[in-house]
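Single-letter residue listing:
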Amino acid sequence: MRRPAVPCPSQSPLAASTRRHFFSQCGLGIGSLALASMMGEGDLQAAPAGMTGETHFPARAKNVIFLFMAGGPSQLELFDPKPRLQELSGQVIPESFVEGKRFAFISRDAKLLGTQRTFAPHGECGTEISDLLPHTAAIADDIAVVRSMKTDVFNHGPAKLFVNTGSPQFGRPSMGAWVTYGIGSESRNLPGFVVLQSGPRGPRGGAPLWGSGFLPTTYQGVPFLNGADPILNLSNPAGIDNTAQQQFIDAVTDLNSLRRAVVRDPEIDTRIAAYEMAYRMQSSAPELMDLSDESSHTLEKYGVDPAKPSFARNCLLARRLVEKGVRFVQLYHTDWDHHGNKGTDLGEALEARCRETDQASAALVSDLKQRGLLDDTLVIWGGEFGRTPQGEVRSNLHGRDHHIDAYSMWLAGGGVKGGQTIGATDEIGYEVVDDPVHVHDLQATVLHLLGLDHKRLTFRFQGRDFRLTDVHGHVVERLFA
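Observations concerning the environment of lysine 160
Then comes step 1: Relative to the elements of secondary structure, lysine 160 occurs in helix α7 (residues 156-165).
Then comes step 2: Given the relative accessible area of 1%, lysine 160 is considered buried.
Then comes step 3: Once the C-alpha coordinates of lysine 160 and phenylalanine 68 are considered, the two residues, 92 residues apart in sequence, prove to be 9.4 Å apart.
Then comes step 4: Ignoring any residue separated from it by four or fewer positions in sequence, one finds lysine 160 in contact with Phe68, Ala70, Gly71, Pro203, Arg204, Leu209 and Glu384.

Section: the side chain of arginine 117
Then comes step 1: Locating arginine 117 in the fold gives a position in the loop between α5 (95-98) and β2 (119-122).
Then comes step 2: The contacts of arginine 117, once residues within four sequence positions are left out, are Glu77, Ser130, Asp131, Leu132, Leu346, Gly347 and Glu351.

Section: the environment of glycine 423
Then comes step 1: As for its placement among the helices and strands, glycine 423 is situated in the loop between β12 (420-422) and β13 (424-425).
Then comes step 2: A relative accessible area of 11% means that glycine 423 is categorised as buried.
Then comes step 3: Separated by 277 residues in sequence, glycine 423 and valine 146 have C-alpha atoms that sit 6.2 Å apart.
Then comes step 4: Contacts of glycine 423, omitting those with residues within four sequence positions, involve Arg147, Ser148, Asp434, Asp435 and Arg478.

Comments concerning the nonpolar core
Then comes step 1: Of all hydrophobic cores here, the largest spans 53 residues; its most connected members are Leu378 and Leu479.
Then comes step 2: Ranked by the residues each element gives to this core, the list is headed by helix α8 (residues 175-183), at six residues.
Then comes step 3: Other than its neighbours up to four places away in sequence, leucine 479 contacts Ala144, Val146, Leu411, Gly415, Val416, Lys417, Gln420, Ile422 and Thr445.
Then comes step 4: In this structure, Ala137, Phe224, Phe311 and Leu317 belong to the second largest nonpolar core, which totals 50 residues.

Focus on helix α14 (residues 439-449)
Then comes step 1: Among the 11 residues that make up α14, 10 are buried, leaving the element largely enclosed by the rest of the structure.
Then comes step 2: Three or more residues of α14 are buried, namely Val439, His440, Asp441, Leu442, Gln443, Ala444, Thr445, Val446, Leu447 and Leu449.
Then comes step 3: Backbone geometry just after α14 places glycine 451 at a positive phi near 85 degrees.

Concerning the packing of aromatic side chains
For any pair of aromatic rings, the description rests on two quantities: the centre-to-centre distance and the angle between the ring planes.
Then comes step 1: Per the stated rule, a full pass over the model turns up 16 aromatic pairs.
Then comes step 2: Both rings, one in phenylalanine 97 and one in tyrosine 430, keep their centres 5.8 Å apart while their planes meet at 65 degrees; by these two values the pair is edge-to-face. Pair noted here: phenylalanine 97 is in helix α5 and tyrosine 430 is in the loop between β13 and β14 (432-434), with a separation of 333 residues, a long-range link.
Then comes step 3: For tyrosine 430, a relative accessible area of 0% puts it in the buried group.

Brief notes about the pairing of strand β9 (residues 386-394)
Then comes step 1: Counting buried positions along β9 gives seven out of nine residues, so the element sits mostly inside the fold.
Then comes step 2: Here β9 runs beside strand β10 (residues 397-403); their pairing, made up of six bridges, is antiparallel. Among the inter-strand pairings, arginine 394 is bridged to a residue of β10, identified as leucine 397.
Then comes step 3: Between β9 and β10, which pair antiparallel and follow one another directly, the connecting turn spans two residues, one of which, serine 395, has a positive phi of 55 degrees.

What about the packing of α7 against α14?
Then comes step 1: Viewed as axis vectors pointing N to C, α7 and α14 meet at an angle of 30 degrees, and their least axial separation amounts to 8 Å. In terms of axis orientation, α7 runs roughly parallel to α14. Residues Phe162, Val163 and Thr165 of α7 touch α14, and the partners they reach there are Val439, His440 and Gln443.
Then comes step 2: Its residues assigned to classes, the contact of α7 with α14 comprises three nonpolar, three polar and no charged.

Details of the side chain of glutamine 420
Then comes step 1: Inspection of the secondary structure puts glutamine 420 in strand β12.
Then comes step 2: Of the residues examined, glutamine 420 reaches a relative accessible area of 12% and is grouped as buried.
Then comes step 3: A polar side-chain atom of glutamine 420 sits 3.0 Å from the main-chain carbonyl oxygen of lysine 417.
Then comes step 4: Look past the residues within four positions of glutamine 420 in its chain and what remains in contact with it is Ile143, Ala144, Val145, Arg478 and Leu479.

A word on unusual backbone geometry
Then comes step 1: The phi dihedral of aspartate 335 is positive, around 80 degrees, even though this residue is not glycine.
Then comes step 2: Relative to the assigned elements, aspartate 335 resides in the loop between β7 (328-333) and α13 (348-370).
Then comes step 3: Positive phi, close to 55 degrees, is recorded for aspartate 470, a residue that is not glycine.
Then comes step 4: Secondary-structure assignment places aspartate 470 in the segment after β17 (464-466).

Some points on the confidence of the model for the chain
Then comes step 1: The pLDDT averaged across the chain works out to 86; a share of 84% of its residues lies at or above 70.
Then comes step 2: A low-confidence stretch, residues 1-52 (pLDDT under 50), is modelled with 77 contacts involving residues beyond four sequence positions or located in other chains.

Focus: the pattern of salt bridges
Then comes step 1: On inspection of all chains with the given rule, the structure shows 26 salt bridges.
Then comes step 2: Its salt-bridge partner being arginine 108, residue glutamate 95 comes within 2.2 Å of it at the nearest N-O pair. Linking glutamate 95 in helix α5 with arginine 108 in the loop between α5 and β2, this pair joins segments that are 13 residues apart in sequence.
Then comes step 3: By relative accessible area, which is 43% here, glutamate 95 ends up partly exposed.
Then comes step 4: Overall, arginine 108 belongs to the partly exposed group, its relative accessible area being 37%.

Scoring rules and cut-offs
Residues numbered from 1 in each chain as written. Predicted model: local features only at pLDDT ≥ 70, side-chain atom pairs only at ≥ 80, totals over all residues. Heavy atoms only, no water. Helix = DSSP H or I, 4+ residues; strand = E, 2+ residues; numbered from the N terminus. Buried < 20%, exposed > 50% of the residue type's maximum accessible area, 1.4 Å probe, protein only. Contact = heavy atoms within 4.5 Å. Core = buried A, V, L, I, M, F, W, Y, C linked by side-chain atoms within 4.5 Å. Phe/Tyr/Trp six-rings, centres within 6.5 Å; stacked < 30°, edge-to-face > 60°. Pairing = 2+ DSSP bridges. Axes fitted to C-alpha atoms, helices over the stretch in contact; angles between N-to-C directions. Parallel < 35°, antiparallel > 145°, perpendicular 65-115°, else oblique. Nonpolar A, V, L, I, M, F, W, Y, C, P; charged D, E, K, R; others polar. Polar contact = N/O pair within 3.5 Å; in protein donor to acceptor, adjacent residues only side chain to side chain. pLDDT = per-residue confidence, 0-100. Salt bridge = Lys/Arg side-chain N within 4 Å of Asp/Glu carboxyl O.

Right under this line is the structure:
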């Protein structure tokens, strides 16, 4: 298949072709198969070559809703009570804890900081949860709290990339892209991977957090805006009705198909599929965003004001999206940084973040459960890292620095056994001492619950096989029901 250094005119076209040219012209590109799957009547959407929606083994979950708390929520104020830390508050942390460690802002001799929050056992399981999260406490028997999370990266942007793509560097596919590449989506009229955002700004890292990397772009996340028109430029221009729009789409598809027949570029298939999906979304997306058919009880349960964008509204939209077959929904809520400045302190600022998210997060889990959707939907709550047991004082307000050695997340539904606590940290919450769960372990577990083997879900790029978990990751079987 290798092209000779000096091609001979008498050689056949096949012999004179490079391996790349051969495969680009053989009509079996991943993009072509993805398009064929997307266009098939009733088939899964965006299924990759070789899988067409099939899983490696029976799946426990069909959908994922990832509630991403961007900034790093403090586990010591929310999920991991430490009486010994309270006793030692104000003392310099022992050198044995910080030897060889790096921090984003604080010095190694920073003083330990106890919490002002109170913890109590909740549910039949007795999981201890902070008074900042009364609604989450009410669903304690439905969630599994992981107190032993670990990560490798302590700056926000790279750490968010690491959780979402398995790498702290740009260019890798996000978890949602890997999932839709692996098993596609059951929704014909909406993207398989949707992103919803709330908070004062977007998350550090931006669009690569939900990008497709080197996977075909049909698998990337699609951000929805808050409003009647969730996608920019989705509505028809003035003077263009649906008939004219369909004629335009047909003409563009014909032109793209002609070009594809010449160059066999899989991205042309993605472009064709994008136009077709956009046309179908012109009716499905505004219908999705219209909450007029939701009862007042449901709106109150989530804490939704239909006229205002919010995390609560996005949680309700997430439920509506999985009802319509969307495979992966990710919500980003920003400003969970707790350094001690006004607006990022462990007092009013943290209380505000909890008020914005606690009720709606719990309502989402209970609403899914009531509708019979929780068994098939995996819900994840957490951020990119945790916070240090040492305090950080700025502007006379207390905060905590970034911490990668121990933090907390919770999961519910989708094959997860609720009412349990996984792992434990030491007496001051600095290191994991039992059942460590690395970010790659979380990624491997999410894929496993969806019926995907993280070691087998690969994509060859630039001469090597890539996967979400790189060469790491162990499935956390203790989480399973």
